[in-house]
Amino acid sequence: MEIRNPIIGADMPDPDLLRIGDTYYMVSTTMFYVPGAPVLKSKDLCHWEIVSYIFDMLEDNEIYRLENGRNAYGKGQWATSLTRYQDRFYACFVSHDCGKTYIFSSDDIEKSGWDRVEINEVFHDMSFLFWEDVPYLVYGNGDIRIVELKRDLSGVQEGGLHRLLLQTASEGMMLRCEGCRAIVRNGYIYLLFIDWPKGGRRREVCYRSQSLEGPWEFRVLLDDDCGLPGCGVAQGTLIDSESGESYGMLFQDRGASGRIPYLMPVQWEEGWPMFGVKEEGTQEDGEGQPVWKVPRTFELPFAAVPAAPVAVSDSFSHEENRLGLTWQWNHNPIPSCWSFTERPGWLRLQTGHVASGLMDARNTLTQRTAEPGCICEIEMDASGMKEGDYAGLCAFQGRFGQIGVSMKNGRKYLSAVQKDDQGKLWETETELHADTVSLRVLFDYRDGKDQASFFYKEKEAEWVQLGNILQMAFTLDVFVGYRIGIFCYARKEAGGYADFRDFKIHMMADGGSCEESI
């Protein structure tokens with residue numbers, strides 16, 4: 001099977017992998033979206049589908065209810081470490097907004113909603129480490145620390161080991177080591193990290209030792225941008241196949257589309273896991289180590305096993321109020337304010353509170369967009385909206401864009417809103433002549449274009465573009481790739497609603513236009 005990188009053209013950062021027999025599982029970061037911490041499944045390391053979520057709701061507080069100006073944007077669930085221990089599955093991550101480390105566990109990795117314990121300390125970017133039959137977490141940024149866990153992984157072991165493990169390089173570094181993934185192999189502890197030298201790019205590095213006491217040896221495992229200047233492919237882990245070959249899964253920051261995963265072979269040289277391939281004719285670098293590159297394509301000795309996409313169309317014709325696994329809410333939803341059953345065949349979003357705008361509106365339903373681009377469309381019925389309501393589709397990130405129906409002075413208007421790089425909102429509107437309208441958002445990531453355009457269609461008319469083209473940007477205040485969102489919020493009083501049906505997502509073909517792909 002030929003692998004083409006990146007293997008998933010959608011936001012899927014901070015991967016950790018686990019193999020059970022011939023089946024691979026991967027966990028990723030979704031921060032403030034709920035349900036959170038998606039678990040993906042694959043039979044061939046290339047085709048991945050979401051099978052469960054580790055938690056349904058992280059906390060029920062002002063932060064996750066978007067109350068009083070508080071939110072978890074850029075925070076929430078970070079960089080989960082995944083393991084299997086004594087026939088049970090464990091996932092550990094921090095939440096900086098909550099000031100806690102969480103350990104979730106389940107006897108079924110494909111079941112959503114795992115059991116949980118909480119530790120009232122932040123073990124940043126931690127990884128499980130099992131060494132000499134003792135469980136630990138290895139964590140930190142630059143100064144890497146270790147803490148011993150109870151044998152049942154239910155918390156920190158009182159009186160156990162908790163100390164500085166090693167100090168990573170600081171001179172000449174823009175980012176010291178973080179993003180730990182700990183692996184034990186052939187008597188060595190391998191600690192995989194990212195770092196970022198000044199004047200360089202993110203790279204994958206490793207410290208190894210045969211003891212927790214050291215000494216620790218260091219090597220750069222990969223320093224490559226795969227043709228996207230300055231955007232190093234790094235942070236992730238490696239996994240062995242049933243037949244013993246090793247493969248790495250790392251990600252790359254690719255602009256507005258997000259942080260995108262890459263798969264590559266791993267070759268063990270002198271006991272070091274070198275990521276990627278050595279190109280013909282490459283020379284030794286200044287440190288005497290080989291130059292390794294991320295392959296754009298390579299052969300994997302597996303048969304392809306298709307999987308469900310991570311972004312899918314949805315008719316919203318469901319007999320129960322249960323979301324498909326590709327959907328996530330922006331922060332905690334109000335359960336009583338959404339339904340598939342109140343009007344069969346439609347998703348009803350009801351306003352349950354007054355919001356100042358998109359970023360503090362609850363019950364915005366989202367899913368990923370994907371490279372090289374896509375078109376998202378939906379039909380909307382605005383007959384249930386109240387004065388001040390705004391409902392429709394959005395390109396969701398810190399620099400967002402919206403198109404939908406706005407209720408003003410007893411009349412309905414088609415309204416497009418874009419937020420520019422200075423934080424200013426630009427609105428364009430035109431009167432709506434009926435209660436129903438079709439909406440479209442076009443995402444174009446080709447060649448770093450990173451633009452979104454907004455359209456509407458009344459009855460059988462042609463699509464009409466409304467408002468400006470949004471210049472999308474991956475902003476660190478939100479820290480996720482752009483998503484399509486379905487929103488409905490009140491700016492004056494709660495109680496109105498909008499109905500949506502027949503959500504469609506059309507993926508752009510490589511090298512063509514979105515219009516040609518439909």
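Anything mentioned here points back to the structure above.
Everything numeric in this text was worked out from a predicted model, so none of it was measured.

1. Section: the sheet that holds strand β6 (residues 49-55)
Then, in step 1: The sheet built from four strands is open, its strands ordered β2-β3-β5-β6 with antiparallel pairing. Two strands bound the open sheet, and with one partner strand each, they are β2 (16-20) and β6. With strand direction ignored, the average angle separating the axes of adjacent strands in the sheet is 25°.
Then, in step 2: Here strand β5 (residues 36-42) pairs with β6 via five bridges, running antiparallel. Counterpart to Lys 41 in the pairing with β6 is Glu 49.

2. Digging into the pattern of salt bridges
Pairs can form between side chains of opposite charge once their charged atoms are near each other.
Then, in step 1: The full count for this structure, using the stated rule, is 40 salt bridges.
Then, in step 2: Linking Asp 60 and Arg 65 is a salt bridge whose minimum nitrogen-to-oxygen distance equals 2.9 Å.
Then, in step 3: The class of Arg 65 is partly exposed, set by a relative accessible area of 22%.
Then, in step 4: Across the pair Arg 440 and Glu 377 runs a salt bridge, and its minimum N-O distance is 2.6 Å. With Arg 440 in strand β33 (residues 436-444) and Glu 377 in strand β28 (residues 373-381), this pair connects stretches of sequence that are 63 residues apart. For the residue pair Arg 440 and Glu 377, the accessibility class agrees, reading buried in each case.
Then, in step 5: One connected set of salt bridges, linked through shared partners, spans Glu 342, Arg 343, Arg 348, Asp 381 and Asp 499.

3. A short note on the nonpolar core
Then, in step 1: One finds Met 380, Phe 443, Ile 486 and Phe 500 to be the most contacted residues of the largest nonpolar core, which totals 99 residues.
Then, in step 2: Residues Met 12, Leu 17, Tyr 247 and Leu 300 belong to the second largest nonpolar core, which totals 24 residues.

4. Section: the sheet that holds strand β9 (residues 100-106)
Then, in step 1: In spatial order, the strands read β7-β8-β9-β10; together these four strands make up an open sheet with antiparallel pairing. Unpaired on one side and paired on the other, β7 (78-85) and β10 (115-119) mark the two borders of the sheet. Across the sheet, the axes of successive neighbouring strands diverge by a mean angle of 20°, strand direction being ignored.
Then, in step 2: With six bridges connecting them, β7 and strand β8 (residues 88-95) associate as antiparallel partners. Residue pairing for β8: Arg 84 is matched across the bridge by Phe 89.

5. A closer look at unusual backbone geometry
Then, in step 1: At the junction of Asn 5 and Pro 6, the peptide bond is cis and its omega measures out at -5° in the coordinates.
Then, in step 2: Mapped onto the elements of the fold, Pro 6 is located in the loop between β1 (2-4) and β2.
Then, in step 3: Its identity is not glycine, yet Leu 45 carries a phi of approximately 70°, on the positive side.
Then, in step 4: You can see Leu 45 is positioned in the loop between β5 and β6.
Then, in step 5: Since its relative accessible area comes to 0%, Leu 45 is described here as buried.

6. Observations concerning the pairing of β6
Then, in step 1: Buried residues dominate β6, accounting for six of its seven residues.
Then, in step 2: Between the antiparallel neighbours β5 and β6 lie six residues, among them Leu 45 with a positive phi of about 70°.

7. Considerations on the side chain of Asp 381
Then, in step 1: With respect to the helices, strands and loops of the structure, Asp 381 is situated in strand β28.
Then, in step 2: Overall, Asp 381 belongs to the buried group, its relative accessible area being 8%.
Then, in step 3: A polar contact is formed between the side chain of Asp 381 and the side chain of Arg 343, at a distance of 2.9 Å.
Then, in step 4: Looking at Asp 381, its side chain comes within polar contact range of the side chain of Ser 383, at 2.9 Å.

The rules behind each value
Residues numbered from 1 in each chain as written. Predicted model: local features only at pLDDT ≥ 70, side-chain atom pairs only at ≥ 80, totals over all residues. Heavy atoms only, no water. Pairing = 2+ DSSP bridges. Helix = DSSP H or I, 4+ residues; strand = E, 2+ residues; numbered from the N terminus. Axes fitted to C-alpha atoms, helices over the stretch in contact; angles between N-to-C directions. Salt bridge = Lys/Arg side-chain N within 4 Å of Asp/Glu carboxyl O. Buried < 20%, exposed > 50% of the residue type's maximum accessible area, 1.4 Å probe, protein only. Core = buried A, V, L, I, M, F, W, Y, C linked by side-chain atoms within 4.5 Å. Polar contact = N/O pair within 3.5 Å; in protein donor to acceptor, adjacent residues only side chain to side chain.

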